[in-house]
Amino acid sequence: FKPMKPEEKALFQAMLNDIHGQFRGALKERRKLTDAEIETTADGRVFTGSQALNAKLVDALGGYEDAVKEAMALAKLPETADVEYPIQE
């Protein structure tokens, strides 16, 4: 809650730049986005789910249960397999 010193701000900005670079690299490698698509998409803004889908940042929309079902399918587990859910505190 205190103002950042210039060296603290520089360190924080360097970390953000590194994370952003990793994100852009992942988009290019894993999502096969072109440099032009990355330029118009990966500019630091927040997306809704449907916007992320349209921008090819996600494969599908869904909730937690959908993600569990997809993970089970990818792991080739039967639909009857036990699923251990995190404890909500």
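Residues numbered from 1 in each chain as written. Predicted model: local features only at pLDDT ≥ 70, side-chain atom pairs only at ≥ 80, totals over all residues. Heavy atoms only, no water.

### Some details on the environment of Glu-37
Here is step 1: Position of Glu-37 among the secondary structure elements: in helix H2 (residues 35-41).
Here is step 2: Since its relative accessible area comes to 25%, Glu-37 is described here as partly exposed.
Here is step 3: With 28 residues separating them in the primary sequence, Glu-37 and Lys-9 have C-alpha atoms 30 Å apart.
Here is step 4: Leave out the neighbours within four places in its chain, and Glu-37 touches Lys-32 and Lys-56. (Helix = DSSP H or I, 4+ residues; strand = E, 2+ residues; numbered from the N terminus. Buried < 20%, exposed > 50% of the residue type's maximum accessible area, 1.4 Å probe, protein only. Contact = heavy atoms within 4.5 Å.)

### Thoughts on the side chain of Thr-41
Here is step 1: Relative to the elements of secondary structure, Thr-41 occurs in helix H2.
Here is step 2: Among the polar contacts listed, one links the side chain of Thr-41 to the backbone oxygen of Glu-37, at a separation of 2.8 Å.
Here is step 3: In contact with Thr-41, other than residues within four places in its own chain, are Phe-47, Ala-55 and Leu-57. (Polar contact = N/O pair within 3.5 Å; in protein donor to acceptor, adjacent residues only side chain to side chain.)

### Things to note about a nonpolar patch on the surface
Here is step 1: A surface patch of nonpolar side chains, amounting to about 500 Å² of accessible area, comprises Met-4, Leu-11, Phe-12, Met-15 and Leu-16.
Here is step 2: Relative to the elements of secondary structure, Met-15 occurs in helix H1 (residues 6-30). (Patch = residues over 30% accessible without salt bridge, like charges linked within 9 Å, V, L, I, M, F, W, Y side chains within 5 Å. Areas by Shrake-Rupley, 256 points an atom, 1.4 Å probe, with all protein chains shown as cover. Salt bridge = Lys/Arg side-chain N within 4 Å of Asp/Glu carboxyl O.)

### Let's talk about the pattern of salt bridges
Here is step 1: Counting across every chain of the model gives six salt bridges.
Here is step 2: Between Asp-59 and Arg-31 there is a salt bridge; the shortest N-O distance is 2.5 Å. Placement of Asp-59 in the loop between helix H3 (49-54) and helix H4 (64-74) and of Arg-31 in the loop between H1 and H2 is noted, with a sequence separation of 28 residues between them.
Here is step 3: Judged by its relative accessible area of 28%, Arg-31 is partly exposed.
Here is step 4: Of the charged contacts, one joins Lys-56 and Glu-37 as a salt bridge, the two residues approaching to 2.9 Å between their closest N and O atoms. Taken as a pair, Lys-56 in the loop between H3 and H4 and Glu-37 in helix H2 lie far apart in primary sequence, 19 residues in all.
Here is step 5: For Lys-56, a relative accessible area of 42% translates into the label partly exposed.

### Things to note about the packing of aromatic side chains
Here is step 1: Within this structure, the stated rule accounts for one aromatic pair.
Here is step 2: Judged by centre distance (5.9 Å) and plane angle (50°), the rings of Tyr-64 and Tyr-85 are tilted. Here the residue Tyr-64 occupies a position in helix H4, and Tyr-85 occupies one in the segment after H4, the gap between them amounting to 21 residues.
Here is step 3: When its relative accessible area of 48% is taken as the criterion, Tyr-64 is described as partly exposed. (Phe/Tyr/Trp six-rings, centres within 6.5 Å; stacked < 30°, edge-to-face > 60°.)

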